[in-house]
Amino acid sequence: MDDAVHQQLIAPLNPAQQSAVKTIEGPLLIIAGPGSGKTRVITHRIAYMISQGVPSQKIVALTFTNKAAEEMRKRLALLAPENLTWAGTFHRFCSRLLRVHAAMIGLQENFTIYDMSDTKKVVKQAIANTEVDTRHYSADAIGREISNVKNVAITPEKFQPRIGNVMDKILSLVYPEYQKLLQMANAVDFDDLLMHTVDLLTQNNELRAALDMRFEYMMVDEYQDTNVAQYQLIRLLNHNKQNLAVTGDPDQSIYGWRGANIRNILEFEKDYPQVSVVRLEQNYRSTKSILRVADQLIANNVRRKKKVLVTDNDEGAQVRLVAYPSPQDEAVDIADSIALLIQKGSHNPSDFAVLYRTNYLSRALEHALGAAGVPYQIVNGHEFYQRREIKDLVAYLHLINNDRDMVAFERIVNVPARKIGKVTLSRLRNYALENNTSLMEAARNVGLIESISAAPSSKIKQFAAMIDDLQQTATQEVETILRNVLVQTGYREWLTLDGTEEAFERANNVDELVVAAQEFDNEHPEDGGLEKYLEQTALVSDTDVFESSSDFVTMMSLHAAKGLEFKKVFIVGLEDGILPHERSSSDDEQIEEERRLLFVGITRAQRELQLSRCLNRFRRGSNWPAIASRFLMELPREQMQVFEPSGQRHGMSDQQLQDTIARMSDWSSDVPVYDVNEDVVSVPASTVPGTIQPDALHSDSTLKSPSKLKPKKPVVASIGDMMTGAQLAAKESDGTKRLSPEEYSIGLDVEHLQYGVGTVVTMSGDGKKRTATIDFPEYGEKQFRVAFSNLRSVPR
DNA sequence: TATTCGCAAGTTTTT
DNA sequence: CTTGCGAATA
């Protein structure tokens, strides 16, 4: 068992936590500050309920992210091994319900879940069908607006356009058409999962009441982030039986843009008058220094209920605030300081996280961490599944699973190229529309469409026959289906026709997908299947991989970091326009949400925290001076270590400049020199950014500028190199050795727990995607992503 | 019908 | 700077 988890499980609960755990009947509101042991309370509470005789299958725990659900399941398994509690995201919960009751809302149980890019295509089609004038609003904007309307659970029938509102007028036409297209395609978007479920329960009171009983005890995590549809769903399922416990923190509400409604948590007490309220304010996560910064920042929010954050933890190191000349300097300094600490052996890669507002900020960091030899992991949702070649192949799977899937059909009908063109397709579409049938069905009947001439007609017929043929294999393992698709379509060959570097890369991704399918089959021997696989790829992101592998520095967005904690946290790019984001800067309410976002980021840190910004940033093609985030002015700078340049160039505001000058005068002069853009700045030796361990205080080394803090030799050459000394010795005591991805090569003998000893036959990919095909004498060839697999080398 | 070129637009966060 | 889209051309 994970030591930290174990510690948490056996540590006693404080009085507030106990009271939350023991209140199991009736509505319960748990206001839980960051690091207050919320997940622990939830899991203990469930375990307690079970010990009191509540049947565990009557308990449901709803979360926002798969990460949170996974964490909960993991801990619950330790507390109550035999429990049948269902824990998962709202979307998954709804998807499960809808598959069972699909017919009641006009769907088939094998419906497709469309992601945002799929959704966008349907919106465009709907716009085309309704011939709406899009001079004023882009398809994107219309799609966003549809999503907003759905988030408040307004169906096309209920939608009331406000007179004189142009967008509403457009919506009144496009929204029903969009919904009709989805229905015809037997597909739903993310928002539908919630809205359809609300609809289903509203229209079928018997079913609602049955489910109300069935899920007698419900817990909702991150209640501050629920939107209207989720709120209605919760109300519908907690009408007769109001054993509802919600946890949340208004200060951590960061999904307003997605329709989250703070009102839900602020007025929970009105919604459920008999409510018990518990406040968890004791923080077990962070040092006093870190909490003070968080506290002072969030105090700037006006729309807020005051809340205290207290901790018995030690003072800890001061929070650092650093201005770097450029994003490259920022990245290199952070990477080098992490590498140094790992090399010293005092830290593991998994102790660190680098957080940012927008995903593209990870680029420079990736580069720098790679150069420093630090293993890292980017938590970036569905990136892999967004690649063209992957979307193409998954579209085949979708069409096999649900032949009414319109987006999948359009995507692949001519990929690989089959000489089926725009004109033919539009005729096919028209036929389908007129006959109220799917594109696939129209394709089967293409002979009946007079406007399509012989040549394209036969091509389409061939395509339809191929899909029908593939459909015969739909019940087999996903890997088999996928391999069949590759064989039948010749996709891989078609992809690599031009022989470019990029084509090769794409072909690797295809192999990667096969491996992923294989892994899915292995992990789901009982409950697998194509439909499950497709649901998984739609609703689950790469984050599970991130959870289980601990030997990586984690990089992710501030949003993705919610609910997690790390010993040392770097938050980068604290600049005006980035955080707060420029699209939020016009609106006070949105600014407050951005502030909460930073609050969430800060409170992820257990021991040390560095906030940084850059003086220049590359934007829209060229380098611009960057202005410090206004939030940096709201922090208790006198209690932090501040590294700002002395010059007034680089676009510093007056306020900033004054602050900086004030800071400078406080600094002693008998210290080394920190060189920022040739401006000479004094920096206390103990506080040079780049050396973030507390014992630097006792170091008498005179360090140069942070960005020049490069060791003579590469700090860490590979993952393998980092396991030095005692650590490495321990790992090798039985003669086998865990290898870094780079160390794998063809011909190597490795040992697998299940398959025994085998030989590496082929290698492909790099980094965390590096994949080995290994031949086991008894089991044949298997593929592994070596960074994640439990393989060890065997000496010859 | 496929391909290529040029132009415009849009750049957040996630299930 | 990228991506996506539409028009022009082979």
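Residues numbered from 1 in each chain as written. Chains lettered and ligands numbered in written order. Predicted model: local features only at pLDDT ≥ 70, side-chain atom pairs only at ≥ 80, totals over all residues. Heavy atoms only, no water.

Quick look at the overall build of chain A now. Looking only at helices and strands, chain A has 31 helices and 26 strands in total. Residues classed as buried in chain A amount to 56% of the 796 residues present. Long-range contacts, defined here as pairs at least 24 residues apart, represent 73% of the contacts in chain A between residues at least 6 apart. Here chain A displays about 34700 Å² of accessible surface, and carbon together with sulfur accounts for 50% of that area. (Helix = DSSP H or I, 4+ residues; strand = E, 2+ residues; numbered from the N terminus. Buried < 20%, exposed > 50% of the residue type's maximum accessible area, 1.4 Å probe, protein only. Contact = heavy atoms within 4.5 Å. Areas by Shrake-Rupley, 256 points an atom, 1.4 Å probe, with all protein chains shown as cover.)

This part covers the sheet that holds strand β12 (residues 352–356). Across the sheet, seven strands lie side by side as β13-β14-β12-β15-β16-β11-β19; this open sheet has parallel pairing. Edge positions in the open sheet fall to β13 (376–379) and β19 (641–643), since each of these has one partner strand only. Between one strand and the next, the sheet's axes are offset by a mean angle of 20°, whatever the strand orientation. Pairing of strand β15 (residues 566–571) with strand β16 (residues 605–614) involves five bridges; the strand directions are parallel. Bridge pairing in β16 links K568 to E608. Strands β11 (320–324), β12, β14 (553–557), β15 and β16 of the sheet are contacted by helix α15 (residues 327–344), whose axis makes an angle of about 155° with β16. (Pairing = 2+ DSSP bridges. Axes fitted to C-alpha atoms, helices over the stretch in contact; angles between N-to-C directions.)

This next bit is on the side chain of E608. Mapped onto the fold, E608 is located in strand β16. When its relative accessible area of 4% is taken as the criterion, E608 is described as buried. Polar side-chain contacts of E608 include one of 3.0 Å to the side chain of K568. (Polar contact = N/O pair within 3.5 Å; in protein donor to acceptor, adjacent residues only side chain to side chain.)

Attention shifts here to the packing of helix α6 (residues 116–130) against helix α7 (residues 139–151). Put simply, α6 and α7 touch, their axes get as near as 9 Å, and they point 105° apart. In terms of their interaxial angle, α6 and α7 are classed as roughly perpendicular. On α7, the residues touching K120, V123, K124 and I127 of α6 are A139, D140, I142 and G143. Looking at the contact of α6 with α7 residue by residue, the classes come out as four nonpolar, one polar and three charged. (Parallel < 35°, antiparallel > 145°, perpendicular 65-115°, else oblique. Nonpolar A, V, L, I, M, F, W, Y, C, P; charged D, E, K, R; others polar.)

Let's shift gears to the nonpolar core. I142, F409, L428, F463 and L513 are the most contacted members of the largest nonpolar core, which has 74 residues in total. Once you skip the residues sitting within four places of it in the chain, F409 turns out to touch L399, L425, L428, L439, M440, A443 and F463. The next biggest cluster of nonpolar side chains, apart from the first, holds 43 residues, and it includes A153, L236, I265 and L539. (Core = buried A, V, L, I, M, F, W, Y, C linked by side-chain atoms within 4.5 Å.)

Next up on the list: helix α14 (residues 288–298). When we look at burial in α14, the residues that qualify are S289, I290, L291, V293, A294, L297 and I298. On the buried face of α14, the contacting elements are β9 (282–283), β10 (310–311), α28 (588–602) and β16.

The next subject is the sheet that holds strand β3 (residues 86–89). Taken in spatial order, the six strands make up an open sheet running β3-β2-β6-β7-β1-β8, and their pairing is parallel. The outermost strands of the open sheet, each flanked by one partner alone, are β3 and β8 (276–280). Ignoring which end each strand starts from, the neighbouring axes of this sheet average 15° apart. Note: strand β6 (residues 217–220) against strand β7 (residues 243–248), four bridges, orientation parallel. Its bridge partner being in β7, M219 is matched across the sheet by A245. Across the sheet, helix α2 (residues 15–22) touches β1 (28–32) and β8, and the angle it forms with β8 is around 145°.

A word on the pairing of β3. Pairing of strand β2 (residues 59–63) with β3 involves four bridges; the strand directions are parallel. Opposite L62, over in β3, you have G88 as the bridge partner. Since β2 and β3 lie parallel, the crossover through helix α4 (residues 66–79) that links them has a hand, and here it is right-handed. (Right-handed = clockwise from strand over helix to strand, strands pointing away.)

For the rest of this paragraph, the subject is the packing of helix α9 (residues 190–203) against helix α10 (residues 205–214). Where α9 contacts α10, the two axes come as close as 5 Å, and the packing angle between them is 105°. Compared by their axis directions, α9 and α10 come out roughly perpendicular. Residues L200, L201 and Q203 of α9 touch α10, and the partners they reach there are N205, L207, R208 and L211. Considered class by class, the residues forming the contact of α9 with α10 number four nonpolar, two polar and one charged.

Counted under the stated rule, the structure contains ten aromatic pairs. Aromatic side chains F159 and Y175 sit 6.3 Å apart centroid to centroid with 85° between the ring planes, which places their arrangement in the edge-to-face category. Pair noted here: F159 is in the loop between α7 and α8 (166–184) and Y175 is in helix α8, with a separation of 16 residues, a long-range link. Taken together, a centroid distance of 5.0 Å and an interplanar angle of 35° make the contact between F268 and Y272 tilted. A connected cluster of aromatic rings, assembled from ring pairs, spans W86, F93 and F215. Note that R99 overlies the ring of F111, its terminal NZ or CZ placed 4.0 Å from the centroid. (Phe/Tyr/Trp six-rings, centres within 6.5 Å; stacked < 30°, edge-to-face > 60°. Lys NZ or Arg CZ within 6 Å of the ring centre and 35° of its normal.)

Taken as a whole, this structure holds 50 salt bridges when the rule is applied. Two residues, R357 and E594, come together in a salt bridge whose shortest N-O distance is 2.6 Å. Here the residue R357 occupies a position in the loop between β12 and α16 (362–371), and E594 occupies one in helix α28, the gap between them amounting to 237 residues. As far as the burial class goes, R357 and E594 line up, both buried. Where R506 meets E389, a salt bridge forms, and the shortest distance between an N and an O atom there is 2.4 Å. Of this pair, R506 sits in helix α24 (residues 501–523) while E389 sits in helix α17 (residues 388–401), and the two are 117 residues apart along the sequence. Accessibility expressed as a relative area gives 18% for R506, which makes it buried. (Salt bridge = Lys/Arg side-chain N within 4 Å of Asp/Glu carboxyl O.)

Right, let's talk about the environment of I146 for a bit. Tracing the chain through its elements places I146 in helix α7. The class for I146 is buried, based on a relative accessible area of 1%. Taking the C-alpha atoms as reference points, I146 and Q179, separated by 33 residues in sequence, lie 9.8 Å from one another. With sequence-adjacent residues up to four places away left out, I146 is seen in contact with L171, V174, Y175 and Y178.

Below, the discussion takes up unusual backbone geometry. Residue P416 is bonded to the preceding V415 through a cis peptide linkage, with omega at -5°. With respect to the element layout, P416 can be found in the loop between α18 (406–412) and α19 (422–434). Omega for the peptide link from L579 to P580 comes to 5°, which places this bond in the cis form. Turning to its location among the elements, P580 is positioned in the loop between β15 and α28.

Quick look at the environment of K391 now. Mapped onto the elements, K391 comes out in helix α17. Residue classification places K391 among the buried positions, given a relative accessible area of 10%. It is 10 Å that separates the C-alpha atoms of K391 and L513, two residues lying 122 residues apart in sequence. Setting aside residues up to four positions removed in sequence, K391 forms contacts with D115, S117, D118, Y385, Q386 and R411.

What follows concerns the pairing of β16. With respect to burial, β16 is a largely interior element, nine of its ten residues being buried. Pairing analysis gives five bridges linking β11 to β16, with the strands arranged parallel. Each bridged residue has a counterpart across the sheet, and for A323 the counterpart in β16 is R613. Tracing the backbone out of β15, into α28 and back to the parallel element β16 gives a crossover that is right-handed.

So, about α28. Given 3.6 residues per turn, any residue in an α-helix points the same way as the ones three and four places further on. Between its first and last C-alpha, α28 extends 21 Å over 15 residues, near the 21 Å set by a 1.5 Å rise per residue. Counting buried positions along α28 yields twelve of 15 residues, so the element is predominantly enclosed. Of all the residues in α28, the buried ones are I591, E592, E593, E594, R595, R596, L597, L598, F599, V600, G601 and I602. On the buried face of α28, the contacting elements are α14, β12, α27 (558–561), β15 and β16. Its side-chain oxygen 2.6 Å from the backbone nitrogen of E589, D587 forms the N-cap of α28. (Expected span 1.5 Å × (residues − 1).)

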